[in-house]
Amino acid sequence: MRILSGIQPSGELHIGNYLGALKNWVKLQNDSKNECWFFVADYHSITENYDPKEKPKEILNLTADLLSLGLNPEKSVIFQQSQIPGHADLTWIFNTITPLGELERMTQYKDKAASQKQNINVGLFDYPVLMAADILIYKSDAVPVGEDQVQHLELTREIARRFNDKFGKVFPEPKPLLTETPRIMSLTAPDKKMSKSGGEKSYIAISDSPEVIKEKIKTAVSDAGGDNGKSPSPRLRTTKGGDNLLVIFNAFAETKEEKSDYSNYKRYHEDGTLKYAEFKPALAELIANHFADYRKKRAELSENPDYVKQVLADGAAKASAIASKTLLEVRTKIGLII
Ligand code: AMP
Ligand code: TRP
C-alpha cells in the first residue's frame, strides 16, 4: 500500500499531532508491506500569517522532530513540499474541476477565515485542492491523519473520481487512516480540539521538559467544568476534561502495569472517586517518559542541520521522479501535450 501524509511547519508539535497522526506514521513505516511518503507542507503553512525569517528554522525543526520520533529515511521518503513543483502544477489542473461550492463547505477554511479576518487569502480557500494534489500526484492509497482532515480527504476522493470520469482513470481514491485517538482535546478548554492556537497551557508539546509537562497536567481542566478555578453549578458539571486525560493516559500506557493502572483510574473516574492528586502526576510521568528517547535524539540532531538538509534533498529527488511521471500522464490525458 502506498501511504502518504504531510504536516505543516508552524510551531511546535503537540501530543494531539502525535497521537492523531505521527505515531501512526512510524507504525505504518515499520510495516514492510507499505511504501511510505511523508512531507513538510510548507506551501500550506504560508496561507497563515507567518514570519519569513522564521520559516527556514520551522522547516528544519519539524524535519528533525520527525526523524527523532522514528521516521527513517531508509524506509520512508521524507521531503519538503515546495521542492517538488508538480504539487502546485497539479493543484492548478484540479482547480479547473473543483466546484467553488465544495470549497465553501470546508469547515477548516471557515474556522481559519474567522480567526484571520485580515488575511482571508485565496491560498487559504484553495488549501484542500493543494492537499488533494499532494496526495494524488503520488497515487497514494491511504493517508494517516487526525479527524480534522477527514473532510479534506473526502474532497480528495471526489476530485479523483471527477478527474477519472472526465479524462480516463489515472488516480486511486485514497482513504483516511485514523488512530484510536483521532481527536485529542485541549487541556484548558476540553470542548475544543488540542491545537497550538489554544495557548501554551492548552497543549503538551512533545519537546516539553518533564517539569513543564507536570505543571501543564496539574493545571489541566479535569471534572470541574470551566477553567476559571470556580466550581460550576452541578448542572454544568462536565467530565470532558477528565475523559480526555484518561484517553491520553490510555494512549500512552504500554506495559502491563500501566494498562492495569489505566483500568483502575477509569473505574474510579466512572464511580466519581478518582483522586486527581494521584492520577495527574502519574499521567505527567507517563508522557514525559514516553518522549525521553525523542528528546535525546532531538538534541543530537540539533547539532547536525546538514544531515537534516541532506535527508530532504534525497527525499526530493525520489519524490520528483514520481511527481513528474504523474504530471506527464495528466497533461497527456487533459490534452496539453502537442
Ligand atoms: P496540523 O498541526 O494541523 O498540521 O496537524 C498535523 C496532523 O495532526 C494532522 O494529521 C491532524 O489531523 C493531526 N492533529 C492535529 N490536531 C490534532 C488533535 N487535537 N487530535 C488528533 N490529531 C490532531
Ligand atoms: N492539511 C494537513 C494538516 O493541516 C497537512 C497536509 C497537507 C496533508 N497536505 C497533506 C496531510 C496531504 C495529508 C496529506 O494537518
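Above this note sits the structure.
The following refers to the structure shown. (Residues numbered from 1 in each chain as written. Chains lettered and ligands numbered in written order. Predicted model: local features only at pLDDT ≥ 70, side-chain atom pairs only at ≥ 80, totals over all residues. Heavy atoms only, no water.)

Our focus in this paragraph is the overall build of the protein chain. A count of helices and strands for the protein chain gives 14 helices and five strands. In terms of C-alpha radius of gyration, the protein chain reaches 21 Å, essentially the compact-globule figure of 20 Å for 338 residues. With the C-alpha coordinates aligned to their principal axes, the bounding extent of the protein chain is approximately 75 × 45 × 40 Å. Looking at the protein chain as a whole, 49% of its 338 residues are labelled buried. Intrachain contacts of the protein chain at a sequence separation of at least 6 include 74% that bridge at least 24 residues. When the 46 positive and 46 negative side-chain charges of the protein chain are each reduced to one mean point, those points stand 3 Å apart. (Helix = DSSP H or I, 4+ residues; strand = E, 2+ residues; numbered from the N terminus. Rg over C-alpha atoms; globule rule 2.2 N^0.38 Å. Buried < 20%, exposed > 50% of the residue type's maximum accessible area, 1.4 Å probe, protein only. Contact = heavy atoms within 4.5 Å. Lys, Arg positive; Asp, Glu negative; His and termini not counted. Charge placed at Lys NZ, Arg CZ, Asp CG, Glu CD.)

Time to look at the site of ligand 1. Taken together, 17 residues are adjacent to ligand 1, and Asn-17, Gly-146, Asp-148, Ile-184 and Met-194 come closest. Asn-17 places a side-chain nitrogen or oxygen 3.1 Å from an oxygen atom of ligand 1. Within the contact set of ligand 1, an oxygen atom lies 2.8 Å away from a backbone nitrogen or oxygen of Gly-146. Considering ligand 1 on its own, with 490 Å² of exposed area, one finds that the protein chains cover 91% of that surface. At four residues, helix α1 (residues 15–29) tops the list of elements feeding residues into the shell around ligand 1. Taken together, the residues that form the shell around ligand 1 break down as six nonpolar, seven polar and four charged. (Near = heavy atom within 4 Å. Polar contact = N/O pair within 3.5 Å; in protein donor to acceptor, adjacent residues only side chain to side chain. Areas by Shrake-Rupley, 256 points an atom, 1.4 Å probe, with all protein chains shown as cover. Nonpolar A, V, L, I, M, F, W, Y, C, P; charged D, E, K, R; others polar.)

Spanning 13 residues, helix α10 (residues 240–252) covers 19 Å between terminal C-alpha atoms, matching the ideal 18 Å at 1.5 Å per step. Residues of α10 that are buried: Gly-241, Gly-242, Asn-244, Leu-245, Leu-246, Ile-248, Phe-249, Ala-251 and Phe-252. Buried residues belonging to α10 abut α1, α9 (210–219), α11 (256–270) and α12 (276–290). (Expected span 1.5 Å × (residues − 1).)

The subject of this paragraph is the site of ligand 2. Around ligand 2, 14 residues are found, and the nearest of them are Gln-8, His-44, Tyr-127, Asp-134 and Gln-149. Between ligand 2 and Asp-134 there is a distance of 2.7 Å, counted from a nitrogen atom to a side-chain nitrogen or oxygen. Bound to the protein, ligand 2 loses 91% of the 370 Å² it would expose on its own. Those elements that place two or more of their residues in the shell around ligand 2 are β1 (2–7) and α7 (122–136). Top contributing element to the shell around ligand 2 by residue count: α7, with four residues. Looking at the shell around ligand 2 residue by residue, the class counts come to eight nonpolar, five polar and one charged.

This next bit is on the pattern of salt bridges. Between side chains of opposite charge, pairing is possible as soon as their charged atoms come close. Taken as a whole and judged by the stated rule, the model has 15 salt bridges. Note that Glu-329 is salt-bridged to Lys-139, the shortest N-O span being 2.7 Å. Of this pair, Glu-329 sits in helix α14 (residues 305–333) while Lys-139 sits in the loop between α7 and β4 (142–144), placing them 190 residues apart in sequence. Given the relative accessible area of 28%, Glu-329 is considered partly exposed. (Salt bridge = Lys/Arg side-chain N within 4 Å of Asp/Glu carboxyl O.)

Along strand β3 (residues 76–80), five of the five residues are buried, which leaves the element largely enclosed by surrounding structure. Burial along β3 is two-sided: the face carrying Ser-76, Ile-78 and Gln-80 and the face carrying Val-77 and Phe-79 are both buried. Judged from the five bridges that link them, strand β2 (residues 35–40) and β3 form a sheet pairing that is parallel. In the sheet register, Cys-36 faces β3, and the bridge partner there is Ser-76. (Pairing = 2+ DSSP bridges.)

Moving on: the environment of Pro-172. Turning to its location among the elements, Pro-172 is positioned in the loop between α8 (150–167) and β5 (175–177). Each C-alpha atom of the pair Pro-172 and Tyr-138 lies 9.9 Å from the other, and the pair is 34 residues apart in sequence. With near-sequence residues (within four places) excluded, Pro-172 lies in contact with Leu-136, Lys-139, Ser-140, Asp-141 and Ala-160.

The next subject is the environment of Lys-318. Inspection of the secondary structure puts Lys-318 in helix α14. Its relative accessible area of 44% is what places Lys-318 among the partly exposed residues. Taking C-alpha positions, Lys-318 is 34 Å from Asp-208, a pair spaced 110 residues apart along the chain. Apart from residues lying up to four places away in sequence, Lys-318 is in contact with Trp-37, Pro-73 and Val-77.

Here the focus is the nonpolar core. By size, the foremost hydrophobic cluster in this structure holds 57 residues, and its most contacted members are Phe-252, Phe-279, Ile-287 and Phe-291. Counting residues domain by domain, this core receives three or more from each of domain 1 (2–184 + 305–333) and domain 2 (207–290). Counting 39 residues, the second largest nonpolar core, distinct from the first, contains Met-106, Ala-113, Leu-155 and Ala-316. (Core = buried A, V, L, I, M, F, W, Y, C linked by side-chain atoms within 4.5 Å. Domains from an automatic or database assignment.)

On to helix α13 (residues 292–302), then. Among all positions of α13, only Tyr-294, Arg-298 and Leu-301 are buried. Here the buried residues of α13 occupy an arc of 60° about the axis, which is enough to place them on one side. Exposed side chains of α13 directed beyond 90 degrees from the buried face belong to Lys-296 and Glu-300. The elements touched by buried residues of α13 are α3 (55–68) and α14. (Arc of directions from axis to C-beta.)

Taken by themselves, the reported measurements are silent on function.
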